[in-house]
Structures are given as structure tokens and as C-alpha cells.
Amino acid sequence: MKNKKYHGVVVPMVTPVNENGKVDTAATQKIVRFLAVNHVAPLLMGTTGEGNSLERREGLLFVQKAVEAADGQVKVYAGLTGNCFADQVSSAKEYVSAGADVIVATLPTYYALTPEQMYGYYMALADSIPGPLMLYNILATTHMSIPIDIIKRLADHPNIVGLKDSERNLPRMKEIIEFAKDREDFSFFCGCAALSAETLALGADGIVPSGGNFVPHLYQQLYEVGVNGEKEKAEQLQQLTADICSVYQKDHTLGESLAALKVMMTTLDLCEPWMLLPLTRLSKEEEEVIAQKAKNLNGK
């Protein structure tokens, strides 16, 4: 098993909200406990968590309730998105004060940034917040990729503890994993669930699968056999989880898939399928189809 401080399965948790777009605090605590009992940690306000759409005060409440529910059993990772640096620093300070263990930050997305601007942004952020910072590379939503040489330079900052990379690029991941392997102070998390088994075999420290909202136990098993070098079992679990994820991902845009995932979670009585604008719920007919498929999966 990994002995780095930051490792394991970190689930990019959905943000449960009510019809008025306010955080559903009861559902928040229910989901966090569901993850914790399966030994996986939540990442709040990432892409799966509609982080860009959550109002700042609601985001702080979300972190507070998640930390309460985690009760020290698992770490709480808090996502940071947006384009105003001062607001990001303020939010990060609030999240850390509320008990978040790690801040996970994407690049600002309004302007196309040069590599040196990316470096300067993360250095300034790491200098300005009171807790550990994890880099978050996600080309699909930021439309930028943090260059590997910039990641290597940033890794030397004492407050920067790792990278969550969601870019589906195995050669890139392999190079970063090789770099991070022998560093106790920098962890690599694969944010592309479809590459979980492959990256664990290469030496990744952790995985960040959205499907963990529905089947956290399967991803914990995948992680365990993956780091233990049980390749055949890892590949079997990779295929099983991929089949489950196809229920909410197939033929859906990213936003639609998140709505479908919440529908699946309603069958476990974890949350309601309300979304934050600009995303919306699926049609009633689509929700019924997704819910039935989910019930078939969990034996209901």
C-alpha cells in the first residue's frame, strides 16, 4: 500500500442541492458518510460537483457540513475554481479554516495563459493560502494543459502536494508518475477513471473516479488490487466500473452525465437530482430510464 500522505481513492463528489439551488446539507452529510464508510475521500466542488456554479457562501456551508460528516475518518479535498484571484484566496482560506485538508485548484479559464503565467498563478496561490494545495489539470473544461515541466517546477513549492490530472493522455501521465514516484512530498492522482488500472500499475498514488459516487466500494477494491500489482483483478474491476459508468455517461454531454449520475444516486437515497444553472435535470422519461438501470445494478 502507498505510504504517502495523499493517496487512495478520492471521489469527485456531486453537490446535492434542492430545487432552489441551495446546498442540501442533510444529503451532503449522507453522501460523505457513505463515502467514508467505504474508505474513500470526497473532493468537493470539482467538475462533477458543479464547482463553477456554486455560490461562495453556499460553498463554505458545503465544506463545513462535509467536514462534520467526515469526522476525521477521511480527508476532505475542497475544489477551487474561478477567475478572480482575490476571491479564490479568500475562499481557500475559508475552506481551510472550516477544516478542509487540501485545496485542489484548476487554472483560471477566461484568458489563455502562457506556461509562465500558469506557473506564476499557482506559485502565488500556494504562497497565499494557509494549507496544502493540489494542482488540477483538466483540459476538457479549462481548454489548457499544464505543461509537464511547469508541474515539475511547481512540485518544489513546500505547499504544493500533488496533481490531479484528468487529461486522457497516458504517455503524459506516465512521465509525471515517473517523476512523482520517488517523491514523498508530491502525489499523482489519475482523474480519468478509464485509466485507473493502467496508472495504478505504473505507480500512481491515487484515482479520482466520478463513478465512486455510486459504487465507492468497487473503486476502493480497484485501488487496492492495483497498488498490490494484481493486474488481472484490476482490469476486471476496471471493466466492471466502466460498464456502470456508461449508464450515466453514454450518449450524454458532460453536464447531462452529471444529472444522470444524480439520478442514479437517488436510487440509493443519497440525494435528489436537482442541478445548478446553467445545467438542468434530464427529462422525466430519461430519469426513469436511468433510475431503472441503476436499480438493476444495485439489486433494487
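Here, the structure is the one placed above.
Residues numbered from 1 in each chain as written. Predicted model: local features only at pLDDT ≥ 70, side-chain atom pairs only at ≥ 80, totals over all residues. Heavy atoms only, no water.

**Here we look at the pairing of strand S6 (residues 160-165)**
Note the cut-off: Only protein chains enter the accessibility calculation, which uses a 1.4 Å probe; a residue whose area is less than 20% of its type maximum is buried, one above 50% is exposed, and one in between is partly exposed. Secondary structure elements are defined from DSSP: runs of H or I of at least 4 residues count as helices, runs of E of at least 2 residues count as strands, and each element is numbered from the N terminus. By this definition, two strands are paired if DSSP reports at least two bridges between them.
Most of S6 is tucked away: six of the six residues are buried. Here five bridges tie strand S5 (residues 133-137) to S6, and the two strands are oriented parallel to one another. Note on S6: the bridge partner recorded for Leu133 is Ile160. Where S6 meets strand S7 (residues 187-190), four bridges bridge the pair, whose relative direction is parallel.

**Some thoughts on helix H2 (residues 56-70)**
Convention followed: To estimate how far a helix should extend, the number of its residues minus one is multiplied by 1.5 Å. The directions from the helix axis to the C-beta atoms form the arc being described. Throughout, a contact is declared for two residues whenever any of their heavy atoms are within 4.5 Å.
With 15 residues, H2 extends 21 Å between its outermost C-alpha atoms, agreeing within 8% with the 21 Å of an ideal straight helix rising 1.5 Å per residue. By the burial criterion, the buried members of H2 are Glu58, Gly59, Phe62, Val63, Ala66, Ala69 and Ala70. Taken end-on, H2 shows its buried residues confined to a sector of 140°, consistent with a single buried face. Tucked inside the fold, the buried residues of H2 contact helix H1 (25-37), strand S2 (41-44), strand S3 (77-80) and helix H3 (85-97). Directly after H2, the chain includes Asp71, whose backbone phi takes a positive value near 50°.

**With respect to the environment of Asp185**
Position of Asp185 relative to the elements: it lies in the loop between helix H7 (170-180) and S7. In the structure, Asp185 is positioned 30 residues away from Ala155 in sequence and 8.1 Å away in space, judged by C-alpha atoms. Excluding residues that lie within four positions of it along the chain, Asp185 makes contacts with Ala155, Ile160 and Val161.

**With respect to the side chain of Thr106**
Among the structural elements, Thr106 can be located in the loop between strand S4 (102-105) and helix H4 (115-128). Apart from the residues within four sequence positions on either side, Thr106 is in contact with Leu80, Thr81, Tyr121, Tyr122, Tyr136, Ile138 and Thr142.

**Details of helix H12 (residues 284-297)**
The end-to-end C-alpha separation of H12 is 20 Å, in line with the 20 Å expected for 14 residues at 1.5 Å each. Listed as buried for H12 are Glu287, Ile290, Ala291 and Ala294. Each buried residue of H12 sits inside an arc of 100° when the element is viewed along its axis, so together they form one side. Among the exposed residues of H12, those oriented more than 90 degrees off its buried face are Glu285 and Asn296.

**Things to note about the sheet that holds S4**
As a reminder of what qualifies: Axis angles are defined between N-to-C directions and span 0 to 180 degrees, where every axis is a line fitted to C-alpha atoms and, for a helix, only to the segment in contact.
Spatially, the eight strands close up into a barrel ordered S1-S2-S3-S4-S5-S6-S7-S8, and their pairing is parallel. Judged from the four bridges that link them, S3 and S4 form a sheet pairing that is parallel. Within S4, the residue paired with Tyr77 across the bridge is Val102. Together, S3 and S4 form the strand contacts of H3, whose direction differs from that of S3 by roughly 170°.

**A word on the environment of Ala112**
With respect to the secondary-structure elements, Ala112 resides in the loop between S4 and H4. On the accessibility criterion, Ala112 (73% relative accessible area) is exposed. Distance in space between the C-alpha atoms of Ala112 and Ser128 is 23 Å, their sequence separation being 16 residues. Not counting the four nearest positions on each side in its chain, Ala112 is found in contact with Gln117 and Met144.

**Focus on unusual backbone geometry**
Omega for the bond connecting Leu277 with Pro278 falls within 30 degrees of zero, at 15°, which places this linkage in the cis form. One can find Pro278 in the loop between helix H11 (254-266) and H12. Phi angles above zero are rare outside glycine, and His39 is one such case at about 65°. Take His39: it is sitting in the loop between H1 and S2. Positive phi outside glycine occurs at Met45, with the angle close to 60°. Note that Met45 resides in the loop between S2 and H2.

**Examining the packing of aromatic side chains**
Spelled out, the test is: Only the six-membered ring of Trp is used, alongside the rings of Phe and Tyr, when aromatic pairs are assigned; centres must lie within 6.5 Å, and planes under 30 degrees apart are stacked while those over 60 apart are edge-to-face, with the rest tilted. Any Lys NZ or Arg CZ found within 6 Å of a ring centre and within 35 degrees of that ring's normal is scored as a charge over the ring.
Within the structure shown, the criterion is met by five aromatic pairs. Plain terms: the ring middles of Tyr77 and Phe189 are 6.3 Å apart, the flat faces sit at 65° to each other, and that makes the pair edge-to-face. Note that Tyr77 is positioned in strand S3 and Phe189 in strand S7, a separation of 112 residues in sequence. Of the two residues, Tyr77 and Phe189, neither departs from the other in class, the shared state being buried. For the pair Phe85 and Tyr121, a centre-to-centre distance of 6.2 Å together with 80° between the ring planes defines the contact as edge-to-face. Here Phe85 is found in helix H3, whereas its partner Tyr121 is found in helix H4, with 36 residues between them in sequence. Judged by its relative accessible area of 9%, Tyr121 is buried. Within the aromatic cluster, the residues linked to one another by ring pairs are Phe85, Tyr121 and Tyr122. Between Arg153 and the ring centre of Tyr119, over which it is positioned, the NZ or CZ distance is 3.9 Å.

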